[in-house]
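# Structure at a glance
Listed here are the chains, written in short residue letters.
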Amino acid sequence: MNNVTVPGMWNLTEFTNLPSFNNWRIGQEAAHDYHRAVKSSKPKITAYKWIKWVAIFVSAIGFLDSPDGLMNLVIGIVFGALAFALRKNGPVVGKLNDEVNQANMRYNDAVARHKNMFIDSVVNTFISGNWRDIQFGDICLIYSGSEVVYFDMSQNLLLAYRKENIKEVIRERVHLGSSTTGTSSSVGGGTLIGNTRVGVGGAQTTTTSNTVEQYEWHFEILTDFVPYPKISLIFDDSQEVEDFLGTAYAVLKP
C-alpha cells in the first residue's frame, strides 16, 4: 500500500486523476454512437411498422380478389412478401435492431473499461495481496484480507478502510413478500331434465396458483471511521450474490 492515510474518504476522480465517463473521449464517442443509433432507428422502425400493416391490408385484398384476375394475385403476393420482410424480426427491422444492439454493446464495453481504470488505480494504491471485487451499476466493492475499498462513480465517492477499522459485518437475506399468479379451467356441464330445459349439475372448475417468494440481500460493513462509518449494499437475490457475500462475510468479519 502506498503512503496514504487510511481510513479515508476522497473525491474519486480527483484522487485517481482519472476523467469521469462524460469527460473521457472513448466514453463520449460510445455514448454518442449509441444515442445516434437509437435516434436514427426509432423513426424508421415506426415507419416500417405502418408500411407493414398497409402491405398486409393490400395483400389481403389482392388475395381475396384474385379470382377476378392474375394481377390481383400478383399484388397479393408482392405486398405479402413486403409485409413478411418488414416483420419485427425480419431482415429490414432486424438490421436496425442489430445496429442499436452493437452500439449498445460498444457503450457497455466502454463503461466496463472505464470502471476497470478506477479499479486498477485504487487497487494499486490501497490493496495488498489477493483481492476480490463485485461491481453493480456505478458501485464497486473491493476487499482483501486486510483492506476494503468502496467507490461510487455516480457520487464521485471513494472510501478505504483497513481490516482493523471494521467493527461488524452484517449479511441478511430479506424477505420482500410474495406474488401469486393463478389460472383456472372448467370441465364438464349440466344435464337437462326431460324437455323442461332445466339443468342440474354443472362444470367442475379447477384453479391452480403459483406463489413466488421474493428476497434481496443486504450487506453492511460497520467501521470506526466517523466521517463514513457504514457501507450499505443491497443486491438482487441470486446464487452468485449469495456465494460472493458468503466469502466477503467470512473474510471481513472481525
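To start, this report covers the structure provided alongside it. All values derive from a computational prediction rather than experimental measurement. (Residues numbered from 1 in each chain as written. Predicted model: local features only at pLDDT ≥ 70, side-chain atom pairs only at ≥ 80, totals over all residues. Heavy atoms only, no water.)

Bringing helix H5 (residues 239–252) into the picture now. A rise of 1.5 Å per residue sets the reference length of H5, with its 14 residues, at 20 Å; its end C-alpha atoms lie 20 Å apart and thus fit the reference within 8%. Taken together, the buried positions of H5 are Val241, Phe244, Leu245, Ala248 and Leu252. Along H5, the residues classed as buried sweep out an arc of 95° about the axis, all on the same side. (Helix = DSSP H or I, 4+ residues; strand = E, 2+ residues; numbered from the N terminus. Expected span 1.5 Å × (residues − 1). Buried < 20%, exposed > 50% of the residue type's maximum accessible area, 1.4 Å probe, protein only. Arc of directions from axis to C-beta.)

Right, let's talk about the environment of Asp33 for a bit. Within the element layout of this structure, Asp33 appears in helix H2 (residues 25–64). A sequence separation of 70 residues divides Asp33 from Ala103, and the C-alpha atoms of the two residues are 6.3 Å apart. A distance of 3.1 Å separates the side chain of Asp33 from the side chain of Arg36, its partner in a polar contact. (Polar contact = N/O pair within 3.5 Å; in protein donor to acceptor, adjacent residues only side chain to side chain.)

Moving on: the nonpolar core. Among the nonpolar cores identified, the biggest contains 23 residues, and Leu141, Val148, Tyr150, Phe219, Ile221, Leu233 and Phe235 are the most heavily contacted of them. It is H5 that provides the largest number of residues to this core, a total of 5 residues. Those residues in contact with Leu141 that sit more than four places away from it in its chain are Arg132, Asp133, Ile134, Val148, Val149, Tyr150, Phe219, Ile221 and Leu233. In this structure, Leu18, Ile119, Cys140 and Val149 belong to the second largest nonpolar core, which totals 15 residues. (Core = buried A, V, L, I, M, F, W, Y, C linked by side-chain atoms within 4.5 Å. Contact = heavy atoms within 4.5 Å.)

Tallied over the entire structure, the rule returns 6 salt bridges. Here Asp33 ties to Arg36 by a salt bridge, and the two come within 3.1 Å at their closest N and O atoms. A residue pair is termed a helical-turn pair when its members lie 3 or 4 positions apart in one helix, as Asp33 and Arg36 do in helix H2 at 3 residues. Take Asp33: its relative accessible area is 26%, and that puts it in the partly exposed class. For Asp237, the salt bridge goes to Arg173, with nearest N and O atoms at 2.8 Å. Taken together, the residues span a long stretch of sequence, with Asp237 in the loop between strand S8 (230–236) and H5 and Arg173 in strand S6 (residues 166–193) at a distance of 64 residues. (Salt bridge = Lys/Arg side-chain N within 4 Å of Asp/Glu carboxyl O.)

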